[in-house]
Structures are given as C-alpha cells and as structure tokens.
Amino acid sequence: MLCRQCEETVAGTGCVKKGVCGKTEELAASQDLLVGTLIELAASGARGAEVDEAIVDGLFMTLSNTNFDKARIDAEAEKGRALIGKDAVIRCGDILSLDADADLRSLKELLLFGMKGMAAYYHHAAILGGSDESVTGFLRKGMASLAKDLSADELVALNLECGSVGATCLALLDRMNTDAYGVPEVTTVGTGVRKNPGILITGHDLKDLEQLLEQTQGTGVDVYTHGEMLPANAYPAFKRYPNLVGNYGGAWYKQKEEFESFNGPIIATTNCVLIPRDSYKDRLFTTGTAGVEGVKHIEERDGRKDFSEVISLARRCPAPAAIDDASLTIGFGHAQVLALADRIVDAVKSGAIKRFVVMAGCDGREKGREYYTKFAQSLPGDTVILTAGCAKYRYNRLNLGDIGGIPRVIDAGQCNDCYSLVVIANALSEAFGTDLNGLPLSFNISWYEQKAVLVLLTLLSLGVKDIMLGPRLPGFVTPGILDVLAKNFGIRPNSSVREDMAILHIE
C-alpha cells in the first residue's frame, strides 16, 4: 500500500500500512485494482454511455473519504472488466509502478488525481441530466495515457488540458444546478436547532436533498444540512420547503462528534464521509458513490431513492442537541456578485477595497490549519475574501463586517462553485482592462483532496500565477516537478501569516 492522494497522508509522503482516513491495506489494493481496470477500459478503445459511467463513477468512488466498502469497490471493478471483455488482463493495478522515473510518476499522479476531481463534478452534473463529450472524451484519453510511455512535456500538456476541460466541467455543473434549482440568493442561514426530530444530510448531492425534502413533507421531521451541503440553503427551489431549517455543524472532519450529538439519522451522499463511531453507526446511511462497510446503503431504483427507512428512524429519535447558534451569510455565486459589479468596481477605484484574496478550498483536521483563521483575522479592513468549499468554516463565523455594504467574506458555495470565483475574477479583469494576474487579487488556497487538485489545474490552465498553497504541498509532487511549477506558475507553500501577507502584497 502506498496512498498519497490527500493532504493528510502520513508524514507528507504516503500511507503504507493504513490510511489516515481509516482505509485498510486490503481496501487500498481494491481501489488500486479498480483504477487499473478503468485505465485498461479507457485504453481498450471501448465507447458508450456504460463505459463513460463506469469511468466517472469508478474514479469518484476512489476519491478520499468516499467509499470504504470493499465489496462495492470490487463489484465496480468487475463491471469494468466485463465492459473490456472476458479476456481482460489488468496490468495497471498499482499506478505508482508504471514509471521508474519519479518525476514522470508524479506527473501521472497529478493527472490521475485531477481526473478523479473532474469525475466527481461530472457525476453531479450527469445525475441532473447534464452531459458533455469533451469531458468524458478527455477522461477516456487521460486514463488511457496513464498506461503509456510519455515524456514530461507530454504529461505537463495533459495536466493543463485536464485543467482546461475542468473549467468546462465546472461550468456544466453550475448550469445544471441553476437550471434545476434556480440561481442562488444571498441568504442568512441559522445553525441552531428546533424541537422536532431531524435528519442531517452531508456531502454534495443536491438531487438527494431534493428527494429527501419531498419525502419528509408533513412527517414532522426537520432536515438540516451539514458541511458542503450548507450552500443548498441559498437555492430558491429548496427555500420552499419549510422543514429545511438550517445548517448543523461545520466541516467534514468534525463529523464524528457532530453526528453523535445530532441524535437523528445522517445521510452521506458523496465524499467527505468518515468511518463512523459505533455510537451513531446504526444512524448513518450512505447513497450514491459513498459507502461504508456495515452501513445501510440506499440504492436508486427507477430514478428515485426511497428514504422512508431514514424518516421512520428519525421519528423515533430525540431532537438534535444544540452545538451553536450562529448566522451564516451565503449565496454569493457569480450571478449575485456580478449584480454588484458596479459597486465593487467603484469601491476598488475609490480605494475602499484595496485587494481581494481567494481563500477557497478544503478544510482539514490538523491544528496547523488554524493558520487560515489567523490569516483572515489579520487581513486589513479594506480586503475582501472570496471563498468556496469547506475552507470557509475556518472563518465564516468571524465578524469581519462589510465595505460599503459589500461583505468582506463573499461565499460562493461548494468546492465546485470555485467556478463562480473564476467568473467573478474574469469580470473584474474585463472591467479593469487587465488580465487576471494584473488585478489586486491574491490566492491563498488550502487543499485536502482530489477535487482541489482539479481546481488548481483549472487555475493554472487559465494562466493564474503566484498561487500560495497549503497547509503543505502535495506528497506526490516531487522536488523536480515542484521546481517546474514554481518557475512557470509561481506556486509556493504558505508559511507564517505575516510573511505570507507581504508576499501576497497585502498591506
């Protein structure tokens, strides 16, 4: 076992006995075999909806903290082998053995992890009816390339192409979400609790939330969002449900304590689920690509998921225990921010806003991530934070105020809503007649898993430079590749708040 696809990997070099996430060596081997199967499937030249679905969902299932059910991983690999044909020989179970050259391995891992992120986002678009052959075509091409002898230049080009196609994928998901649920509105969301029994929904899947809200109407059961589901409260389609009552808890890594105190059942819809404590294991349900061995999984049948068992359990459980009672302002997707464009441009021209700082990405459990809270607190009052993803939980409860009615924390939504930040930045560059790198805009991004890798590749493909990345650099990036990224794109690790503010030109 050698797994180094997430930020928390042991010693920053790789988990070799058991994953920090809790996955066993046996599960890691099954995931490697699944990835190898998908490489061979792509290389076989097979085409069609079944092939694309197998690659997309199979990659998603191997994302960090998504599926801990070995039987389901093995079944997915078997499905891939069946699509290849009865004589399929899987030669690529361990992708780390494909190249003896460490830099070439590093570039292939960067590409693979970017494609895992792309697959996750495409999955969400696909279940809402979205499709784009340029995305699925690249996934087939990119996966097939992992079995080839390619030069460093060829692999760099593929990584940048991954980022470019990633922008297309994120735009597709943005369109599918807003077509289905409306344009997010600026919304204040409470984090307190009511006296009714409740169901907590976590992950990223908005269609699962829609079906849950439909089925809980009139049952006396409240629904709370958790983690990356917080932005769902800003969509007009969900606001019409009176039993969607707010958000409970914070980022994914706190779930063991928060799920315990919630008292009712929890539905994990995608990645960002942890192996549960016994105290709430019988209240945890998974669905979609998520899975945990020994936890009830809700399958989709004829386009519908039946949450009746979850609702029945909720009605027998006590109401959630309060953990805080804050108010969070969300819903600043690109449509809302562009509606304020004239005010924002005027504020920049007048000097009221001196700089924007993109502090998007992932949160994690290490104590060192307190850096991001301290960084936000230390920003001068003329600086605006642009955020998306669960990184915001490090500072979205801070009272940072506003600048002439423009909030100093502009929360665009889920990690996939980093697309909104790109749209906003492009609009600002057009307004000021400069490219992205000429704007009063700095990037201090935190990462944890593979969706963040895709977002990083997307930014690089757009020509964004001087990105600060933390809390530590990816363990799969070799010194040689890091040197290339530093020289060509100005990527650097963060250090101390004071030093980094100087580097990012924040006065």
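For the structure, see preceding data.
A quick note: this is a predicted structure, and the numbers were derived from the prediction, not measured.

Visitor: Just checking my understanding: could you explain the nonpolar core for this structure?
Guide: Of all hydrophobic cores here, the largest spans 120 residues; its most connected members are I55, L59, M115, M118, M143, F356 and I467. In terms of residues, this core owes the most to one element, helix α4 (residues 102-127), which gives twelve residues. Once residues lying within four places of it in the same chain are set aside, the contact partners of F356 are I344, V348, V384, L386, L428, P440, L441 and S442. Counting 25 residues, the second-largest nonpolar core is a separate cluster that includes L212, M229, Y235 and F285.

Visitor: Any chance you could explain the pattern of salt bridges here in plain terms?
Guide: Pairing is possible between side chains of opposite charge, provided their charged atoms come close. Scanning the entire structure with this criterion turns up 23 salt bridges. E76 serves as the salt-bridge partner of K79, at 3.5 Å between the closest nitrogen and oxygen. Note that K79 and E76 are positioned in helix α3 (residues 70-84) at a spacing of three residues, about one turn of the helix. Residue class for E76 comes out buried when judged on its relative accessible area of 11%. Put simply, E7, E366, R369 and R472 are held in one network by salt bridges that share partners.

Visitor: Looking at this model, I keep getting lost on the sheet that holds strand β9 (residues 296-298). Mind explaining?
Guide: In sheet architecture, strand pairing relies on hydrogen bonds along the backbone and comes in two forms, parallel and antiparallel. Judged by pairing direction, the sheet is parallel, and its six strands sit side by side in the order β5-β4-β3-β6-β7-β9 without closing on themselves. The sheet is open, and its two borders are formed by β5 (244-247) and β9, each paired with just one other strand. Sheet twist, expressed as the average angle between the axes of neighbouring strands with direction ignored, equals 30°. Pairing analysis gives three bridges linking strand β4 (residues 222-225) to β5, with the strands arranged parallel.

Visitor: Looking at this structure, how should I read the sheet that holds strand β18 (residues 441-446)?
Guide: Across the sheet, which stays open at both edges, the six strands sit in the order β17-β14-β13-β18-β19-β20 with parallel pairing between neighbours. What marks the edges here is a single partner per strand, and that holds for β17 (409-411) and β20 (492-493). Judged from the three bridges that link them, strand β13 (residues 355-358) and β18 form a sheet pairing that is parallel. Bridge pairing in β18 places V357 opposite S442. In the packing of helix α14 (residues 370-378) onto the sheet, contacts are made with β13, β14 (383-387), β18 and β19 (467-470), and the angle to β18 comes to roughly 155°.

Visitor: What is the right way to read the pairing of β18 from this model?
Guide: Across a regular strand the side chains alternate sides, sitting on one face of the sheet and then on the other. Of all six residues in β18, six are buried, a share of seventy percent or more. Here β18 shows a buried face lined by L441, F443 and I445 and a second buried face lined by S442, N444 and S446. Sheet topology places β18 next to β19; four bridges connect them, and they run parallel. Across the sheet, F443 pairs through a bridge with I467, a residue of β19. A crossover links β18 with its parallel partner β19, the connecting element being helix α16 (residues 450-461), and its sense is right-handed.

Calculation notes
Just so you know, the residues in each chain are numbered from 1, in the order the chain's sequence is written. Where local features are concerned, this predicted model is filtered to residues with pLDDT of at least 70; where side-chain atom pairs are given and counted, the filter is 80 or more; whole-chain, interface and lining totals use all residues. Hydrogens and water are ignored here; the side-chain numbers use all heavy atoms of the structure. The definition of a nonpolar core used throughout is a set of buried Ala, Val, Leu, Ile, Met, Phe, Trp, Tyr and Cys residues joined through side-chain atoms within 4.5 Å. Note on exposure labels: buried denotes an accessible area under 20% of the residue type's maximum, exposed denotes more than 50%, and partly exposed covers the range between, all computed with a 1.4 Å probe on protein chains only. The helix and strand labels rest on DSSP assignments: H or I over at least four residues marks a helix, E over at least two residues marks a strand, and numbering proceeds from the N terminus. The contact criterion used is simple: two residues touch if any of their non-hydrogen atoms lie within 4.5 Å. Each salt bridge in this description consists of a side-chain nitrogen of Lys or Arg and a carboxyl oxygen of Asp or Glu lying within 4 Å of one another. Here, any two strands with at least 2 DSSP bridges between them count as paired. Convention adopted: a line fitted to C-alpha atoms gives each axis, helices being fitted over their contacting stretch, and angles between N-to-C directions are expressed from 0 to 180 degrees. Looking down the strands as they point away from you, a crossover is right-handed if its path from the first strand over the helix to the second goes clockwise.

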